[in-house]
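Descriptive structure summary
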Amino acid sequence: VYSCCYLSRRLNQLSSHDPLWKRHCKKYWLISEEEKSQRNQTWKALFISTYSDLGRYIRYYATLKKAWDDLEKYLGQRCPRMIGSLKESVREEDLDAVEAQIGCKLPDDYRCSFRIHNGQKLVVPGLMGSMALSNHYRSEDLLDIDTAAGGFQQRPGLKQCLPLTFCIHTGLSQYMALESVEGRNKYEIFYQCPDQMARNPSAIDMFITGTSYLEWFTSYVNKVVTGGYPIIRDQIFSFPFCRYVHDKECVATTGDITVSVSTSFLPELSSVHPPHYFFTYRIRIEMSKDALPEKACQLDSRYWRITNAKGDVDEVQGPGVVGEFPIISPGRVYEYTSCTTFSTTSGYMEGYYTFHCLYYKDKFFNVTIPRFHMVCPTFKVSTARMVSADAEPNHNEYAVDEDEDSTDTDEYEDRRRVLDIPAPSGRCPRHT
């Protein structure tokens, strides 16, 4: 319309009708009435000036701007110091300079996000989530454009891959493939997973975390702002694939006690070859606030029935949980985190806790732990290994028999009371 207005008087009149431009300003650039008043421009002038700066991102800007605005609003109330770590936007020429430096084009959705915020400073806690388990701790920062460019990879196994995140504790990053090489799709996002059985250092498997920057970032933000991940001690306890995913059906109530479970996959403690998939689970035990005081009880022992994808069953029974024997009373909640491993890409656990009543010492009863499933995310095996091994299977059921299979690891469980999760360092003791 704006171009045609020079050829038609009527179109010229229509193109100057400000309410028409108001709708476009709000739809594509999320410009508010307040911002319009501050800039003291017509809606048409606002649209044109914004388009001249951000026009190449018109497909992505509104979605990404809303995600950033929602995230800032949510974290501003819960993690204010994290907001302080965000960097201001970069200019078009800065992004162009990075492309010239690395010799690859950056996707427009990635560029658009950095026109809004240039990642964050390398601090803890990281914007992309934290994870604490025994003496293993991870916190991922969203890298600014210059730091990301400095970590751009050209070595075999990670050719033309740009780091998006970085954890100063583990050195782990999520990468985005800027070209379709070494078996990756263009703009695919992944955690690297070195093949522990290959002599070739370029044999790197991948746990896929996103198909594009837009999908990767907005899906994460949506989960954060809808309360899908807990905010504990000013940190977001979540990761792509390391997020505690709670199935609303994974809840069991026995009398006045309810047990619910959230699960998470840890790529940095897992490997595809050999198949070793590391999961954590967070269990919440609570007694109804309407329960009678005499219903107070103490946990004595646990029983687990663990089944892997091949149908192999392992049964484990032991005293307490995480070395504790928690007391549950009306309105009280007890939470803890534990871990388990599988040599198959999926499995499930179920069981029960045995409690005794505090008022009636000789009264014992079992509380059901609901069945919860753990499934390895999509992964791709290294093309270097596939060639050297005459094309090994590239699918999620690749597994071999091992001496070690799924086990209850309560002996390594970490005490995690509500809102009191410390940030240990190092690796899970099972893997040291």
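Only a predicted model underlies this, so the values are computations on that prediction, with no experimental measurement involved. (Residues numbered from 1 in each chain as written. Predicted model: local features only at pLDDT ≥ 70, side-chain atom pairs only at ≥ 80, totals over all residues. Heavy atoms only, no water.)

1. What about the overall build of the protein?
What counts, and what does not: Each helix corresponds to a stretch of at least 4 residues labelled H or I by DSSP, and each strand to a stretch of at least 2 residues labelled E; elements are numbered beginning at the N terminus. Classification of residues uses two cut-offs on accessible area relative to the type maximum, computed with a 1.4 Å probe and protein chains only: under 20% is buried, over 50% is exposed, and between them is partly exposed. Residue contacts are defined here by distance: any two heavy atoms, one from each residue, within 4.5 Å place the two residues in contact. For accessible areas, the Shrake-Rupley method is used with a probe of radius 1.4 Å. Any residue's cover is judged against the shown protein chains and nothing else.
Looking only at helices and strands, one finds 11 helices and 20 strands in the protein. Counting every position in the protein, which comprises 432 residues, the buried fraction comes to 52%. Intrachain contacts of the protein at a sequence separation of at least 6 include 65% that bridge at least 24 residues. With an accessible surface of roughly 19,600 Å², the protein has 49% of that area assigned to carbon and sulfur atoms.

2. Remarks on the sheet that holds strand E6 (residues 189-194)
The line we're drawing: A pair of strands counts as paired when DSSP detects no fewer than two bridges linking them. Helix axes use the C-alpha atoms of the stretch in contact, all axes being lines fitted to C-alpha atoms, and the angles between their N-to-C directions lie in the range 0 to 180 degrees.
Taking strand neighbours across the sheet as the criterion, the five strands line up as E3-E5-E6-E7-E19 in an open arrangement whose pairing is antiparallel. With partners counted over all chains shown, the strands left at the sheet margins are strand E3 (161-163) and strand E19 (379-380), one partner each. Examined bridge by bridge, E3 and strand E5 (residues 174-177) share three bridges and lie antiparallel to one another. By the bridge assignment, Leu-162 is partnered in E5 with Met-176. The strands touched by helix H10 (residues 213-225) are E5, E6 and strand E7 (204-210); relative to E7, the strand with the most contacts, the crossing angle is about 60°.

3. With respect to the confidence of the model for the protein
The test is simple: The predictor rates its confidence in each residue with pLDDT, a number between 0 and 100.
When the pLDDT values of the protein are averaged, the result is 85; 82% of them are 70 or greater. Taken together, the stretch residues 411-432 has pLDDT below 50 and engages in 77 contacts with residues farther than four places along the chain or on a different chain.

4. Quick word on the side chain of Thr-218
Along the polypeptide, Thr-218 turns up in helix H10. Relative accessible area serves as the criterion here: at 19%, Thr-218 is assigned to the buried category. Not counting the four nearest positions on each side in its chain, Thr-218 is found in contact with Thr-63, Leu-64 and Ala-67.

5. Focus: the packing of helix H2 (residues 18-29) against helix H4 (residues 43-54)
Here is the rule we go by: The crossing is said to be left-handed when, going from far helix to near helix, the turn is anticlockwise and less than a right angle, and right-handed when the turn is clockwise. Note that Gly is not counted as nonpolar here; it falls among the polar residues with everything else outside the nonpolar set of Ala, Val, Leu, Ile, Met, Phe, Trp, Tyr, Cys and Pro and the charged set of Asp, Glu, Lys and Arg.
Packing of H2 against H4 leaves a shortest axis separation of 8 Å and a crossing angle of 35°. Between H2 and H4 lies a crossing whose hand is left-handed. Two secondary-structure elements touch here, H2 through Asp-18, Trp-21, Lys-22, His-24, Cys-25, Lys-26, Tyr-28 and Trp-29 and H4 through Trp-43, Lys-44, Leu-46, Phe-47, Thr-50, Tyr-51 and Leu-54. Among the residues forming the contact of H2 with H4, the class breakdown is nine nonpolar, two polar and four charged.

6. So, the sheet that holds strand E2 (residues 136-142)
Pairing is antiparallel in the open sheet, where three strands are placed in the order E1-E2-E4. Edge positions in the sheet fall to strand E1 (130-133) and strand E4 (165-167), since each has one partner strand and no second. Adjacent strand axes in the sheet meet at a mean angle of 20°, parallel and antiparallel pairs treated alike. Bridge count between E1 and E2: four bridges; the pairing is antiparallel. Bridge pairing in E2 places Leu-133 opposite His-136.

7. A short note on the pattern of salt bridges
Note the threshold: Here a salt bridge means any side-chain nitrogen of Lys or Arg lying within 4 Å of a carboxyl oxygen belonging to Asp or Glu.
The full count for this structure, using the stated rule, is 26 salt bridges. Taking the shortest distance from any N to any O, the salt bridge between Arg-39 and Glu-35 comes out at 3.2 Å. With Arg-39 and Glu-35 both in helix H3 (residues 33-39), this residue pair falls four residues apart, about one helical turn. In this structure Glu-35 comes out as partly exposed when scored by relative accessible area, which is 28%. The closest approach of N and O atoms between Asp-144 and Lys-87, which form a salt bridge, is 3.0 Å. Taken together, the residues Asp-144 in the loop between E2 and helix H9 (145-150) and Lys-87 in the loop between helix H6 (80-83) and helix H7 (92-102) connect sequence positions 57 residues apart. Residue class for Lys-87 comes out partly exposed when judged on its relative accessible area of 27%.

8. Describing H4
Applicable threshold: Multiplying 1.5 Å by the residue count of a helix minus one yields the expected span of that helix. The directions considered for the arc are those from the helix axis to the C-beta atoms.
For H4, spanning 12 residues, the distance from its first C-alpha to its last is 16 Å, which sits close to the expected 16 Å at 1.5 Å a residue. For H4, the complete set of buried residues consists of Trp-43, Lys-44, Leu-46, Phe-47, Thr-50 and Leu-54. Each buried residue of H4 sits inside an arc of 160° when the element is viewed along its axis, so together they form one side.

9. Some words on the pairing of strand E14 (residues 313-319)
One ladder, built from seven bridges, connects strand E13 (residues 297-308) with E14; its direction is antiparallel. The residue bridging Tyr-303 from the neighbouring strand is Gln-317, located in E14. Hairpin connection from E13 to E14: four residues lie between these consecutive antiparallel strands, with Gly-311 at a positive phi of about 90°.

10. Details of the nonpolar core
One recurring pattern in soluble globular proteins is that nonpolar side chains are buried together. Keep this limit in mind: By nonpolar core is meant a set of buried Ala, Val, Leu, Ile, Met, Phe, Trp, Tyr and Cys residues that side-chain atoms within 4.5 Å join together. An automatic or database domain assignment supplies the residue ranges for each domain.
One finds Leu-106, Tyr-110, Leu-127, Tyr-213 and Phe-217 to be the most contacted residues of the largest nonpolar core, which totals 52 residues. Those elements giving two or more residues to this core turn out to be H2, H4, helix H5 (61-78), H7, helix H8 (108-114), H9 and H10. If one sorts the elements of this core by residue count, H5 sits on top with seven residues. Counting residues domain by domain, this core receives three or more from each of domain 1 (4-56) and domain 2 (60-220).

11. A few points about H5
When the terminal C-alpha atoms of H5 are compared, their 26 Å separation across 18 residues agrees well with the 26 Å that a helix rising 1.5 Å per residue should span. If you check which residues of H5 are buried, you get Tyr-61, Ala-62, Leu-64, Ala-67, Trp-68, Leu-71, Tyr-74 and Leu-75.

12. Observations concerning unusual backbone geometry
Generally, phi is negative for residues other than glycine and the peptide bonds are trans, each holding for most cases. The residue after Val-124, namely Pro-125, is reached through a cis peptide bond having omega 10°. Looking at the element boundaries, Pro-125 is found in the loop between H8 and E1. Residues His-273 and Pro-274 are joined by a peptide bond in cis, for which omega reads 5°. Along the chain, Pro-274 falls in the loop between strand E11 (257-265) and strand E12 (277-287). Phi is positive for Gln-160, close to 55°, though the residue is something other than glycine. We note that Tyr-187 has phi near 75°; this positive angle belongs to a residue other than glycine. Structurally, Tyr-187 is set in the loop between E5 and E6.

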